[in-house]
Structure formats: structure tokens, C-alpha cells
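Structural description and commentary
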Amino acid sequence: MPAIEISDLCKDFPLPERGKFVRAVDQLSLTIEENCIFGLLGPNGSGKSTTVKILLGLSRPSRGSCKVLGQSPDAPSARARIGYLPDAPYYYRFLSGRELVLYYGRLLGIEAKLAKRRAGELLERFGLADAADRKLGSYSKGMLQRLGFAQALIGDPEVLILDEPTAGVDPVGAAEVGEFILDLKTQGKTVLLCSHLLSQVESICDQVGILNKGRLLAEGSVADLLSQGEADRLSIRGVSPTARSRIERIAAEAGGSVEAGGRTLDEVFLDLVASDDRFDG
Amino acid sequence: MIDSMAERIGRSFSRIGAIAGNTYREAIRMRLFLLLALTGVASLAVGLFFQEFNLGSNELSFIADFGFGGMTLLGSIVAVVVTVQLLFGEIEHRSIMPLLAKPVSRGEFVLGKVLGAWLTICSFIAALTIALVTALWIRETQILAQDSEAFGGGRAVSYAGVLIFACLQCMRLAILASISAFFAAYATSSIFAIFMGFFVWIIGQLHPVISDQLAHSTGSISDLLLRLVTWLTPDMRLFDLGADVVGGPGIAGAVAAKLLLYAALYAAFYTALAAFALGKREL
């Protein structure tokens with residue numbers, strides 16, 4: 001059974017003008033298998049957050065359907081199996097880190113003793129043990145993001161939805177986030193990662209989907225996406241500097257060029273979005 | 001099956017309790033409670049200040065009226081503002097997002113928030129009641145020390161009546177809190193929700209005037225609309241029983257019970273409307 005199944009999903013938001021609406025998600029169909037790290041990429045306004053909201057039961061689709069672990073996200077029992085890290089730390093500044101994690105644990109119906117033990121372990125694991133009893137108002141952005149992981153994991157969910165986990169986090173923090181996500185995969189969890197940090201997505205995701213204007217432009221493994229449109233490219237390794245200069249000369253004579261390194265996900269992403277935008281005029 | 005249903009209800013109550021507790025904790029930690037406590041102490045100070053004046057046997061009624069008026073007026077302001085702040089603030093600051101991503105329904109969320117706000121309001125009323133009872137008791141004792149026959153050989157104040165009055169105010173404010181929660185769940189700005197909360201409160205206070213108007217009803221559309229308004233809004237004046245407590249007959253148990261039921265029905269109706277409005281809202 002797939003962990004997440006999205007079928008022909010559409011979401012329209014009404015505009016103030018009578019009878020008009022804007023389509024945030026347009027006929028999106030996706031299947032994410034269990035224990036997969038799936039990267040959902042797209043520029044701002046591409047429909048990533050709306051898709052996430054629908055997957056969490058926070059918004060209702062205008063058309064189509066989605067299932068998480070075989071259940072509609074409207075079902076509380078489905079949401080109990082999902083961990084959610086929001087794109088900004090929408091937490092209570094008057095609570096301490098420990099109180100916040102315990103509060104969410106109580107909402108998940110976890111027995112108090114177990115919740116206390118898990119909260120302690122998670123705060124320790126995410127390097128917040130020393131700050132656990134401090135109010136969130138005194139936490140840095142990086143600490144709040146790590147706390148976000150702790151609260152998302154308190155119910156030991158099978159599926160994690162991470163919405164921009166590296167937004168506003170410094171490169172060291174972003175690298176830590178990458179490690180956390182890989183660690184989740186080793187624990188058998190499925191991760192849906194929405195991110196702008198393409199290099200990180202490229203390095204940690206098994207599958208990637210690229211959204212623009214609510215439409216899915218491409219989907220597949222990172223390797224497949226990187227090889228698309230690569231027919232006119234050659235990857236040459238292990239040549240001497242003399243041989244390389246000869247190759248470069250030959251390429252130049254033939255009207256081509258030689259560049260260091262292969263195609264990156266950044267390039268794939270930008271090419272796809274740019275051609276989609278050109279197509280729309 | 002029955003067990004499973006009982007378990008589900010139990011878990012639902014646990015979630016509502018957690019949200020109510022967190023809401024109350026927010027009110028305490030966000031200094032709202034400090035404001036409430038200060039108001040209570042100020043009220044006590046004003047009550048005791050009247051010791052300096054010789055107002056005769058009416059003095060206790062004056063202090064009681066002052067205290068009851070404070071409960072009614074300040075309590076209403078607190079009920080509207082605190083409820084809107086605690087519920088709309090959660091939507092505005094988007095802390096509602098990770099919360100509703102947990103197995104929490106929007107109805108449970110609204111009920112938890114209303115209960116948490118109501119706990120805060122009850123704490124405020126409790127602070128004012130303690131201040132009022134203290135002021136009344138000190139002054140009554142002083143008057144009796146000067147003239148043991150001042151109140152015909154007994155005491156003038158029904159302290160149980162004061163407590164019943166305070167409980168009825170809590171119920172009255174539960175209605176106002178649930179009405180404010182409805183507007184907070186529907187509105188896109190907290191100012192609008194606060195304005196509408198006060199608007200309904202004023203209509204509730206004007207019920208006797210509207211009833212007079214309807215007594216001479218001609219069956220016009222405006223009269224029908226007015227009648228609809230009286231059904232939809234509670235009659236807040238029913239809870240103004242302060243005159244019965246000091247020097248009056250006291251508050252009858254049957255009257256108090258009827259008012260409790262009346263308040264519970266209106267509070268449940270508006271809380272359900274708030275849950276419906278939030279359910280339809282895009283977050």
C-alpha cells in the first residue's frame with residue numbers, strides 16, 4: 001500500500017469577483033511509496049503548501065482525492081499517523097520546549113508517562129535538552145526548527161510531512177536537517193519534503209516531483225530526472241589535462257562546449273519551470 | 001463497540017481538556033491574569049473606600065451594586081475581548097495549523113478554546129467576588145459593631161446569594177464567550193469579532209425594550225425580524241438579580257436552575273455555530 005496517494009487533485013480558491021476563482025492545485029496525481037523520501041519542489045505559489053494542507057486535512061479539495069496510509073486525512077486516525085513540521089514555527093511562545101512537545105503528545109492521546117519519556121528522548125536527540133524548560137520566545141530559529149522535528153515525532157508517526165524545514169536556517173542547520181531526514185528513512189518512515197534547497201533534495205530524496213502553477217511538471221527518481229534531456233550531453237571522466245583541452249577544442253569546432261560536472265537538479269528545475277512559464281505565455 | 005465508543009469519547013474529552021488547559025495557561029502567562037487580579041484588587045480598594053462615607057443602611061446596597069455592576073460590565077468586556085484574543089489569535093498566528101494536523105477536530109478545538117476562555121472569565125469573576133464579599137463583610141461587621149440592631153438583629157447581606165449571583169454571571173458570560181467565539185471563528189479581523197460581540201451584548205441588554213415594541217406588533221416584516229433577533233440573542237437582563245441579594249428576598253433555587261439551563265442552551269448553540277463557521281473556513 002502506498003504511503004500517500006493523490007489522485008486528480010484540484011483546489012480552487014474563490015476570488016472577490018463573482019464566479020471567478022484561482023486554481024492552486026491542478027489535476028495533481030502522485031503516489032509515494034512507503035519508506036521513501038519524496039521531494040516536492042516548486043517555486044512560491046506553485047501549490048506545494050496547499051497540497052500539504054489537503055494531505056493534513058486542513059483544507060478540502062475542490063475535486064479529486066488523497067489518501068494517507070489508505071485513509072482520508074479527514075479521519076483523525078489517519079492524522080494520528082502523520083507528523084507535520086510547518087513551514088514556520090507556529091508555536092506558543094509562552095510554553096517551554098518540553099511543555100509544547102507534551103501538549104502535542106496529549107492531543108495525540110499518548111499516555112502521560114510515555115509522552116514524558118519520549119519528549120525527553122526527542123529533546124535530547126535534537127540537541128534541546130539544555131533548553132527544554134526555557135520559553136520558546138528565547139529560542140533561535142534553528143532551535144525552533146529542531147523543536148519542530150521533536151513535536152512532529154512525538155507520536156512516532158509513519159509518515160512525515162516537512163514543509164520547508166530549512167527555511168531561514170543557516171547552512172550548518174540545513175545540513176543537520178538533512179541528517180535528521182536521512183535518519184528518519186533508516187527508521188522506516190516515509191517523508192514528504194517540500195523544499196527550495198535543491199542541492200539537499202538532490203542528495204537525500206529518492207523521488208522528486210516538480211510543481212508549477214499547481215501542475216506536476218515532472219516526477220521520478222532524482223537520477224531519472226537528471227538524465228532527462230541529457231541525450232546531447234556526454235560525461236567524460238579520468239582524462240588528462242592535455243586530452244581535456246583537445247576534447248574542448250573539438251567540441252568548440254563542432255559548435256558545442258565542455259563544462260565541468262554534470263547536470264544538477266537546480267538546472268532541471270529551472271529549465272522545467274522556465275519552459276512551463278514560456279508555454280503559458 | 002460500546003467500549004470503543006466510550007474510548008473515543010474519552011479521548012475526545014482529553015483533547016478538549018488539553019486545549020482548554022493550554023488556553024487557560026496562555027491567559028495566565030500572557031499577563032491577562034495579572035490585569036484581572038489588579039482589577040479585582042482595585043475593586044476591593046474602591047469598596048473599602050466607602051467606609052469613609054456615612055451612607056447609612058443603604059451603604060451595603062451601594063457597595064453590592066457597585067460590585068455587581070463591576071462584574072456585569074467588566075466581566076462582559078473581559079468575556080468578549082479575552083475569547084476573541086484567545087481564539088482569533090490562534091488563527092492569526094497560525095498556531096492552529098500544527099494543532100489541527102493532529103487528530104483534533106475543529107469542533108474539539110472550538111470547544112476547548114471556549115472552555116479555556118470561560119475558565120479565565122470565571123477566575124476574573126472569582127477575584128471580583130472575593131473582593132466584593134470581603135468589602136461587604138468588613139463594612140457590615142463595622143456597622144453591626146456600632147449598632148447591633150442596624151439590620152433588625154440579623155445580617156443584611158445574603159453571602160450565599162452573592163455567590164449564586166457570581167455563578168449566574170459566570171453562566172451569562174459563558175453565553176457571551178460562545179457568541180464571541182462564533183464571530184472570532186468567522187471573522188477575518190479581531191476588531192470585527194470584538195465589535196460584533198459587544199453588539200450582541202447590547203442587543204441582549206435591550207431585550208425588555210424590544211419586547212415592549214413587539215407587544216404592539218402589527219405583524220410587519222420589521223416586527224418579524226425583530227422577533228427573530230430576540231430568538232437568536234439571549235436576554236442578558238434575566239441575569240441582573242443583584243437587587244434580590246442585598247436586602248431583598250435572595251435568589252430562588254428554581255430561578256437559578258432555569259437560568260443555568262437557559263445559559264447552557266445558548267452557549268451550546270453558539271459554540272456549535274462557532275465550530276460550524278471554523279469548519280467552513282480555509283486556514
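Residues numbered from 1 in each chain as written. Chains lettered and ligands numbered in written order. Predicted model: local features only at pLDDT ≥ 70, side-chain atom pairs only at ≥ 80, totals over all residues. Heavy atoms only, no water.

**Section: the overall build of chain A**
This is how the line gets drawn: A run of H or I in DSSP becomes a helix once it reaches four residues, and a run of E becomes a strand once it reaches two; helices and strands are each numbered from the N terminus. Exposure is judged per residue with a 1.4 Å probe applied to protein chains only, and the accessible area is read against the type maximum: over 50% gives exposed, under 20% gives buried, and values in between give partly exposed. Contact definition: two residues touch when any of their heavy atoms are within 4.5 Å. Note on areas: Shrake-Rupley, 1.4 Å probe, and residue coverage restricted to the protein chains presented here. The sign given to each residue is positive for Lys and Arg and negative for Asp and Glu; His and the chain ends receive no count. Just so you know, the charge point we use is NZ for Lys, CZ for Arg, CG for Asp and CD for Glu.
Counting its secondary structure elements, chain A contains 10 helices and nine strands. Expressed as lengths along the three principal axes of its C-alpha atoms, the size of chain A is roughly 70 × 55 × 35 Å. Looking at the 281 residues of chain A, the share that counts as buried comes to 46%. Taking the contacts inside chain A whose residues are at least 6 apart along the sequence as the reference set, 68% of them involve residues at least 24 apart. Accessible surface, chain A: about 13400 Å² in total, of which carbon and sulfur atoms supply 51%. With 34 positive and 38 negative side-chain charges, chain A shows a spacing of 6 Å between the two charge centroids.

**Focus: the sheet that holds strand β7 (residues 190-194) of chain A**
Residue and element names in this part refer to chain A. So the rule is basically this: Pairing between two strands requires that DSSP report at least two bridges joining them. Inter-axis angles, ranging from 0 to 180 degrees, are taken between N-to-C directions of lines fitted to C-alpha atoms, where helices are fitted over the stretch in contact.
The sheet built from six strands is open, its strands ordered β5-β6-β7-β3-β8-β9 with mixed pairing. Either end of the sheet is taken by a strand with one partner, and the two such strands are β5 (82-85) and β9 (215-221). Here the strands of the sheet are splayed against their neighbours by 15° on average, with no regard to which way each runs. Pairing between strand β3 (residues 37-41) and β7: four bridges, direction parallel. Note that in β7 the partner of L40 across the bridge is C194. Sheet contacts for helix α5 (residues 141-153): β5 and β6 (159-163); angle to β5, the most-contacted strand, approximately 165°.

**Comments concerning the pattern of salt bridges**
Pairing between side chains of opposite charge can happen when their charged atoms approach one another. Residue and element names in this part refer to chain A. In plain terms, the rule: A carboxyl oxygen of Asp or Glu within 4 Å of a side-chain nitrogen of Lys or Arg is what we treat as a salt bridge.
Taken as a whole and assessed by the stated rule, the structure comprises 20 salt bridges over all chains. Between D8 and R63 there is a salt bridge, and its shortest N-O distance comes to 3.7 Å. Residue D8 is found in strand β1 (residues 4-14), and its partner R63 is found in strand β4 (residues 63-68); the two are separated by 55 residues along the sequence. A relative accessible area of 30% places D8 in the partly exposed class. A salt bridge links K185 to D206, with the shortest nitrogen-to-oxygen separation between them at 3.0 Å. Taken together, the residues span a long stretch of sequence, with K185 in helix α6 (residues 171-186) and D206 in the loop between α7 (198-204) and β8 (207-212) at a distance of 21 residues. Judged by relative accessible area, which is 25%, K185 ranks as partly exposed. Looking at D206, the relative accessible area reads 28%, which means it is partly exposed. Within this structure, D12, R23 and D26 form a network of salt bridges that share partners.

**Topic: the nonpolar core**
Filter applied, for reference: In plain words, nonpolar cores are sets of buried Ala, Val, Leu, Ile, Met, Phe, Trp, Tyr and Cys residues tied together by side-chain atoms within 4.5 Å.
Formed by 158 residues in total, the largest nonpolar core has its most connected members in F149, I161 and I181 of chain A together with L99, F109 and L136 of chain B. Not counting residues up to four positions away in its chain, the partners in contact with L136 of chain B are L60, I63, A64, V157, Y159 and V162 of chain B.

**A look at the packing of helix α3 (residues 59-92) of chain B against helix α5 (residues 106-146) of chain B**
Residue and element names in this part refer to chain B. Just so we agree on the cut-off: Any angle between 65 and 115 degrees counts as roughly perpendicular, while under 35 counts as roughly parallel, over 145 as roughly antiparallel, and the rest as oblique. Left-handed describes a crossing whose near helix is turned anticlockwise from the far helix by less than a right angle; the clockwise case is right-handed.
At a minimum axis separation of 9 Å, α3 and α5 run at an interaxial angle of 165°. By the angle between their directions, the pair α3 and α5 is classed as roughly antiparallel. Both α3 and α5 take part in a crossing whose hand is right-handed.

**Digging into the environment of P14 of chain A**
Residue and element names in this part refer to chain A. Tracing the backbone shows P14 in strand β1. When its relative accessible area of 69% is taken as the criterion, P14 is described as exposed. With 49 residues separating them in the primary sequence, P14 and R63 have C-alpha atoms 14 Å apart.

**Thoughts on helix α8 (residues 207-215) of chain B**
Residues and elements named next belong to chain B. We count it as follows: This arc is taken over the directions from the axis of the helix to the C-beta atoms.
When we look at burial in α8, the residues that qualify are H207, I210 and L214. The buried residues of α8 occupy an angular sector of 65° when projected down its axis, which confines them to one face. In α8, the exposed positions that point more than 90 degrees away from the buried face belong to V209, D212 and A215. Those residues of α8 that are buried lie in contact with α7 (190-205) and α9 (221-232).

**Some thoughts on the interface of chain A and chain B**
Condition: Defined in terms of a 1.4 Å probe, buried area is the accessible area two parts forfeit on being brought together, summed over both. Between N or O atoms, a polar contact is any pair within 3.5 Å; within protein, one atom must be a potential hydrogen donor and the other a potential acceptor, and residues adjacent in sequence are included only when both atoms are from side chains.
The partner chain B presents 27 residues to the 26 residues of chain A that form the contact. Both sides of the chain A and chain B interface together cover about 2600 Å² of buried area, and 58% of this is carbon and sulfur. Between chain A and chain B we count three salt bridges in total. Here E99 of chain A makes a salt bridge to R29 of chain B, at a shortest N to O gap of 2.8 Å. Counting the contacts that link chain A with chain B gives 13 residue pairs in polar contact (both at pLDDT 80 or more). When contributions to the side of chain A that touches chain B are tallied by element, the ones reaching two or more residues are β1, α2 (76-79) and α3 (97-107) of chain A. Ranked by residue count, the leading element in the side of chain A that touches chain B is α3 of chain A, at five residues.

**Let's talk about the pairing of β9 of chain A**
Two faces, one strand: in a regular strand the side chains alternate between the faces of the sheet. Residue and element names in this part refer to chain A. Sheet analysis places β8 next to β9, joined by six bridges and oriented antiparallel. Bridge pairing in β9 places Q207 opposite S221. Linkage of β8 to β9, two consecutive antiparallel strands, is achieved through a turn of two residues, within which K213 is found at a positive phi near 50°.

**Description of the sheet that holds β1 of chain A**
Residue and element names in this part refer to chain A. Strand order across the open sheet formed by three strands is β2-β1-β4, with antiparallel pairing between neighbours. With partners counted over all chains shown, the strands left at the sheet margins are β2 (21-32) and β4, one partner each. With strand direction ignored, the average angle separating the axes of adjacent strands in the sheet is 25°. With eight bridges joining them, β1 and β2 adopt antiparallel strand pairing.

**Remarks on the packing of helix α6 (residues 159-186) of chain B against α7 of chain B**
Residue and element names in this part refer to chain B. Where α6 contacts α7, the axes come no closer than 8 Å and their chain directions differ by 145°. α7 is crossed by α6, and the crossing has right-handed handedness. Within the contact between the two elements, α6 uses R172, L176, I179, S180, F183, A184 and Y186 and α7 uses F192, A193, M196, G197, V200, W201 and Q205.

**Side note on the packing of aromatic side chains**
Keep this limit in mind: Geometry of aromatic contacts follows a simple scheme: Phe, Tyr and Trp rings, the Trp one being its six-membered ring, pair when their centres are within 6.5 Å, and the pair is stacked under 30 degrees between planes, edge-to-face over 60, tilted otherwise. Only lysine NZ and arginine CZ atoms are considered, and such an atom sits over a ring when it is within 6 Å of the ring centre and within 35 degrees of the ring normal.
Under the criterion given, the structure shown has 15 aromatic pairs over all chains. A ring pair is formed by F182 of chain B and F183 of chain B, whose centres lie 5.0 Å apart and whose planes are at 50°; its orientation type is tilted. Taking relative accessible area as the criterion, F182 of chain B reaches 19% and is therefore assigned buried. Cluster of aromatic residues (ring-pair linked, three or more members): F182, F183, Y186, F269 and Y270 of chain B. The ring centre of Y104 of chain A lies 4.6 Å from the NZ or CZ of K102 of chain B, which sits over that ring.

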